[in-house]
Amino acid sequence: MNESSEQRAKCEISFTVNGKLQTVHAYPMERLLDVLRHELGLTGTKEGCGEGECGSCSVLIDGLLVNSCLIPILQASGAKIVTIEGLATDGRLQFLQQSFLECGGAQCGICTPGMILAAYHLLSKKPQPTLEEIREGLSGNLCRCTGYMQIVEAVAEAARLGAVR
Amino acid sequence: MRAHPAEYKLVAPGTLTAVLSLLARDPGVWLPIAGGTDVMVQYSAGKLPARKLVSIWNLPELRRIEVSADEVRIGAGCTYTDLREHEIVNSEFALLTSAASWTGGIANQNRGTIGGNIVNASPAADSLPALLVYDAELLLVSAQGERRVPYANFHIDYRKTRLAPGELVRAVCLQKQFSGYYAHARKAGARNAQAIAKVCLAALGRMAEGAVEDIRLAMGSVAPVPIRLIETERIVKGKQIDPQLIQLAKTSAAAEVRPIDDIRSTPRYRAAVAGNLVAEFLEHLGARGSRNENGKDVLARWNELPSLEAAQNILPCCGSKAWARGMADRRPIFDGAALLAACDEIWKSLRESDWLEAFRSHPRIGESRSPASAPAQSAAWSGGEQQKVAAAGEDVKVALNEGNRAYEQRFKRIFIVCAAGKSAPEILEILQRRLQNDEKTELHEAAEQQRQIAHLRLKKWLSS
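Residues numbered from 1 in each chain as written. Chains lettered and ligands numbered in written order. Predicted model: local features only at pLDDT ≥ 70, side-chain atom pairs only at ≥ 80, totals over all residues.

Colleague: What exactly am I supposed to notice about the domain arrangement of chain A here?
Modeller: It is common to give the size of an interface as the accessible area that goes away when the parts come together. Residues and elements named next belong to chain A. Per the domain assignment, the segments making up chain A are domain 1 (3–86) and domain 2 (95–160). Summarising the inter-unit geometry, the C-alpha centres of domain 1 and domain 2 are found 23 Å apart. Listed as interface residues are 14 residues of domain 1 and, on the opposing side, twelve residues of domain 2. Broken down by class, the residue content of the side of domain 1 that touches domain 2 amounts to six nonpolar, seven polar and one charged. (Domains from an automatic or database assignment. Contact = placed C-beta atoms within 7 Å. Nonpolar A, V, L, I, M, F, W, Y, C, P; charged D, E, K, R; others polar.)

Here it is in structure tokens:
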């Protein structure tokens, strides 16, 4: 194989998304964000800044919150990925989604999937966070509508309900 | 212009050896990428000069934190989250934990690595001032072998380091020599979260007899590389902290920094803040100097207790009554170093039955319940020490459980290991190795582990 064709080679990469095994044919430097949205049609994950500042593209990889705009797809090989589409079961919203809905934690909606995943990650590590811990857990997620009060309240409410067990 | 992924190559050889031989084959061609929090930003903006990348993310060889008696060796591939969750890093190198906690948000902390922060060589990098004050050394590795260099000489200019082509940072080595110091970290940024520093300070100080016995100051974002404020340190060292000294230090720090004018701040603002941060640190240090300096308050109270009570008081640190009595008999003890030395001497002089009594005060590794006879403080400490085991996967826990059983059958006592900061797989590996020991070797190994546990607990006890 000569250098240029080697450089342009796509490869097969497998991982699970929301419990389902997926195999994609992609360039290894494609961003996980793009693969999720364009290859797999999972458009719940949003692109905001594209440089790890805003958290709109947050997903979980092996249980850890990450910015999918900063992950080359090759590094997701073999990983277990959860996107916002993976939280609801059988058409029933997950507790956190429900509490965002009830507390008015979403306005334009761009930050919401990332906010919910960041909150999910926080509650899985600290089921009963303090207000300070909620703020820290969401500090990597920007809301351009600035509706932070309702978002923080939604997370506190979900914690009260024992959202993540 | 956005980058097109087809123009880039990325490989993931999976082991350190394979990565190093790739780097050696074409030196300077391959760009290592770990968590991607810096490289991917450049890539997405179309500003990444390299076209060939090699993934070093999650290489097991780079993701360990090894703790020995004198040193903590942090694998370069450890993330900020790894640092924040590591008990020994927290207790011995609090400045590094603070820096980790304010680097980006949680998602970036889950991916960004300490090695990446070092080689990215930004003057604003949060963890670097901490490495300066702790006199960190870097272990560098290439296909030719390893070398160890002081971090202080590693950054030579703006975004320039002494890393040779084909070389990687393998680990950051920190000597455990600052446990008696007051640690203070402060970052001034545009906001609390996700900000890049306008100025950040990492500072250590130790008071003795009302004066500053030692002081170490380092700052980021105030020069082309993170710097030590040597001149300001010289002015403060040996002096009593009063308003006059604070003013002198403030002026000196403001003059010692060489800040630039950029998107985030102006030189004048940065210099003024640099002075203020040093002043703030000295105020804290001064206020602390009159309180529990290196645990002196705790020791002073303990020295005055009746003998039996003094033994009872220190027993949670090491569950042998003979040891606790021995410690009480050694009083008065005036500082932490003398306390640790007494601990070691007495521990070594004990009989086997006393050692066994101390071993019995611990819960089994992987079991949260301490023996009913263990003091409440001891049980609480056990919980903290075994934090990482509690978080382990079910399969590792099952294997540990089996290992515990095999150990108890073979040696007729529970398996003792200084679990603080060790992950469940690491402990499992140690357990399996020690199962091969003969009785005498194993008894001494267990006793050494118990000694290390006692040291950790005595330090906590001193700061209580």
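Colleague: Hey, could you run me through helix α15 (residues 336–349) of chain B in this one?
Modeller: An α-helical turn contains 3.6 residues, so a residue and the one three or four places further along point in the same direction. Residue and element names in this part refer to chain B. Across its 14 residues, α15 extends 20 Å between first and last C-alpha, which sits within 8% of the 20 Å expected from 1.5 Å per residue. Listing the buried residues of α15 in full gives Gly336, Leu339, Cys343, Ile346 and Trp347. All buried residues of α15 project into a common sector of 100° when viewed along the axis, lining one side. Across α15 from its buried face, at more than 90 degrees, point the exposed residues Ala337, Asp344, Glu345, Lys348 and Ser349. (Helix = DSSP H or I, 4+ residues; strand = E, 2+ residues; numbered from the N terminus. Expected span 1.5 Å × (residues − 1). Buried ≥ 20, exposed ≤ 12 C-beta atoms within 10 Å, placed from the backbone. Arc of directions from axis to C-beta.)

Colleague: How should the interface of chain B and chain A be read in this particular structure?
Modeller: Across the contact, 23 residues belong to chain B and 27 residues belong to chain A. If you list the elements that add at least two residues to the side of chain B that touches chain A, you get β1 (9–11), α2 (39–44) and α6 (106–109) of chain B. Ranked by the residues each element gives to the side of chain B that touches chain A, the list is headed by α2 of chain B, at four residues.

Colleague: Could you clarify how one ought to interpret the environment of Gln432 of chain B in this entry?
Modeller: Residues and elements named next belong to chain B. With respect to the element layout, Gln432 can be found in helix α20 (residues 424–434). Residue Gln432 is classed as partly exposed on the basis of its C-beta count, with 13 C-beta atoms lying within 10 Å. Taking the C-alpha atoms as reference points, Gln432 and Ala406, separated by 26 residues in sequence, lie 9.5 Å from one another.

Colleague: Whenever I open this one, the sheet that holds strand β13 (residues 211–220) of chain B confuses me. Can you help?
Modeller: The strands that make up a sheet pair up through hydrogen bonds in the backbone, lying either parallel or antiparallel. Residue and element names in this part refer to chain B. Reading across from one edge, β11-β12-β13-β14 is the order of the four strands in this open sheet, with antiparallel pairing throughout. Among the strands making up the open sheet, the edge pair consists of β11 (182–188) and β14 (227–228). Two strands pair when backbone bridges link them, and β13 and β14 are joined in this way by two bridges, in the antiparallel orientation. The residue of β14 that forms the bridge with Ala218 is Arg228. Packed onto the sheet, helix α5 (residues 94–101) meets β11 and β12 (199–208) and runs at close to 20° relative to β11. (Pairing = 2+ DSSP bridges. Axes fitted to C-alpha atoms, helices over the stretch in contact; angles between N-to-C directions.)

Colleague: Would you mind showing me how to read the sheet that holds strand β3 (residues 52–55) of chain B here?
Modeller: All names here are of chain B. Here three strands make up an open sheet; going across it, the order is β1-β3-β2 and the pairing parallel. For this open sheet the edge positions go to β1 and β2 (30–33), each flanked by a neighbour on one side alone. Across the sheet, the axes of successive neighbouring strands diverge by a mean angle of 30°, strand direction being ignored. Note that β2 and β3 share four bridges and pair parallel. Each residue of the ladder has a partner; that of Trp30, found in β3, is Lys52.

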